[in-house]
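Letter by letter, the chains look like this.
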Amino acid sequence: MIFKAFAHIIPLSLGASVVTGTLYDGLNDNINYRSPFENLVEHGHSLDRIHGILSKRSALGNPSFAFTHNVASGDPYHDSVILWTRAEPVEEKLGSVCVKYLVSKDEDFKTIVARGKAITTADVDWTVKVEARGLKPLTNYYYKFHSCYDKKAESPVGRTKTMPRPDQKIDKSLRFAVYSCSNYPFGYFNAYGIPARTDSMDYIIHLGDYIYEYAGNGDYGDGAKIGRIPKPEKVITSLDDYRLRYATYRADPDLALAHQKFPWIVIWDDHEVADNTWKKGSANQNDTLLGVWFDKRKSSAEQAYFEWMPIRQVNRNDQRQIFRTFQIGDMADLIMLDTRNYERDITDMYYNTKWIEAIAEDPTRSLMGHHQEQWFYRELYKSKRRNAHWRLIGQQVEFNRLDYSAAIAGKIMNSDAWDGYRAARWRFFDFIKNHDIQNNIVLAGDVHSNWAWDLVDERNFKKYDIKTGEGAWGAAFTGTAVTSPSPYRSQNSTTRGKLEKTLVASNPALKWVESTYRGYYTLTLDYDAIQAVYWGVEEITTRNDKQIQLAQFKINHGENHLSRPFNVTAGGVEN
């Protein structure tokens, strides 16, 4: 299926003109052939097999292909970055597509600093993912792809940016936009487009639910009302399903522009697979409920994610690992966690809520699995040892202890978040206390509403000063959804306002909550402080640039709590 939104139709001669060595090298340089399941029989790719098939093909005349989904970049290091595009043949008989890429310091490509070639086939859904190496730290670069046989047949030009060297002093602020929960049928992705058009960010962080698995025709969102029913028009379960769903989302012009303008650092949440996933199932599927084994569905979802997202394969020996660390000069470390799909123990699947609440303090329960949890602690310790000023912890779900009982009758906690794995949270606090690891910022999404917290161990609330913040170990910022609906959307604004005030009043570490707006938040990093600004998109049923500032928070280095007073213009009140 050719998606026309960014389709640059390119005539291309293939076949006998491609020499054997060049063909194999081109396959090998496309990272997606080795990612994520190089050795898994059903999902892995044998380059020898693909090479053998392609090398036997005769010349195919003058077929053509299209750059169907613009370009993207991601996972920036100080000396390299991942580049992505998709080159799909117009003619089904075409066995492979050959593209070259160029990286330049200038938009006119007068100074080329990196170049290479890659081949793609239907085995990886015609996606191309390469690593551009030998780059300078903290530098903007422009990049593009073009046909191996015609330089004029090229993709759109993308822009990316490397990270600073790990030991580098940074002489300016760095700006991050933080997103989560983009559900295609619920509305337009205006939140992505606004920073891209204003060119106001350096990097993008996405904390998951980049796609949703629902049909979107009324089961969860009804895209028919605004012409946004995703393909395929069903609950997705197979590899082809997930690929087509990504293709639908990436054809959105605002999402495509944000990928084209900024490097992304991403992590998945549950809906990249299914609702409320854990290591052996999900809320609506355990084993063959939907006609496919859950592990097969999960592997298909993960393969499509790696094909379509500009993400590195960080561990060839642990192919499902996407938890990883980015060193942002000597200013900060960004530690990205997988609290959802890696080795999470059983979660709240709606029918077992009371049981999950009863076992929430079980010390054997883990949100991340033992291996990742130990890795996390090592990364925190290494960050302190190298004297990074800040530790940003990017993960999916609400971190702090959140008591709903005073605000919502019958609801005690969100047991699909860290509250369902309290012992795991306590282990985190024990570790940072024992090693005196301060200046921690926890980032989250998932709950489709905005929250700002002091980072407090609920076992020590008596030692926490609610007025000054003394006794906290940092701050936590949770952002609303790009389009997914508020959990309190059925209530009127007056009722929502009362609920928000009650939540703040009954949770000592919670400083602000806002549940009306869709949007995102931004982080501005400096050595002496981090500024968080929450932005609300005014309307999502049409494509527009309207947004308002909802709240602004600051955390000063060494204070380990949100700075008082709070700058809140919408939502709940400070306590």
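Residues numbered from 1 in each chain as written. Predicted model: local features only at pLDDT ≥ 70, side-chain atom pairs only at ≥ 80, totals over all residues. Heavy atoms only, no water.

Chemist: I keep staring at the sheet that holds strand S14 (residues 390-394) and nothing clicks. Help me out?
Modeler: Whether parallel or antiparallel, the strands of a sheet pair through hydrogen bonds between backbone atoms. Read across the sheet, seven strands follow the order S12-S13-S14-S15-S17-S16-S18 without closing on themselves; strand pairing throughout is mixed. The sheet terminates laterally at strand S12 (324-328) and strand S18 (510-514), the two strands that pair on one side only. The sheet shows a mean angle of 15° between the axes of neighbouring strands, taken without regard to direction. Relative to strand S17 (residues 474-478), strand S16 (residues 450-454) runs antiparallel, the two being bridged by four bridges. Bridge pairing links Asp454 to Ala475 in S17. Against the sheet, helix H10 (residues 493-506) touches S16 and S18, its axis set at about 165° to S18. (Pairing = 2+ DSSP bridges. Helix = DSSP H or I, 4+ residues; strand = E, 2+ residues; numbered from the N terminus. Axes fitted to C-alpha atoms, helices over the stretch in contact; angles between N-to-C directions. Contact = heavy atoms within 4.5 Å.)

Chemist: Explain the state of the cysteines to me, please; I cannot follow it from the model alone.
Modeler: Disulfide: a covalent bond formed between the sulfur atoms of two cysteine residues. Counted by the stated rule, this structure contains one disulfide. Here Cys98 is linked by a disulfide to Cys148, with a sulfur-sulfur distance of 2.0 Å. An S-S torsion of about -70° defines the bridge between Cys98 and Cys148 as left-handed. Placement of Cys98 in strand S4 (residues 97-104) and of Cys148 in the loop between strand S7 (140-147) and strand S8 (158-161) is noted, with a sequence separation of 50 residues between them. Its relative accessible area of 4% is what places Cys98 among the buried residues. (Disulfide = S-S within 2.5 Å. Buried < 20%, exposed > 50% of the residue type's maximum accessible area, 1.4 Å probe, protein only.)

Chemist: Help me understand the confidence of the model for the protein in this model?
Modeler: Atom-level detail of predicted coordinates should not be read off regions where pLDDT is low. Averaged over all residues, the pLDDT of the protein equals 90, while 90% of them reach at least 70. For residues 1-5, every residue scores under 50 in pLDDT, and the model assigns this stretch 15 contacts once sequence neighbours within four places are set aside. A low-confidence stretch, residues 8-20 (pLDDT under 50), is modelled with 48 contacts involving residues beyond four sequence positions or located in other chains. (pLDDT = per-residue confidence, 0-100.)

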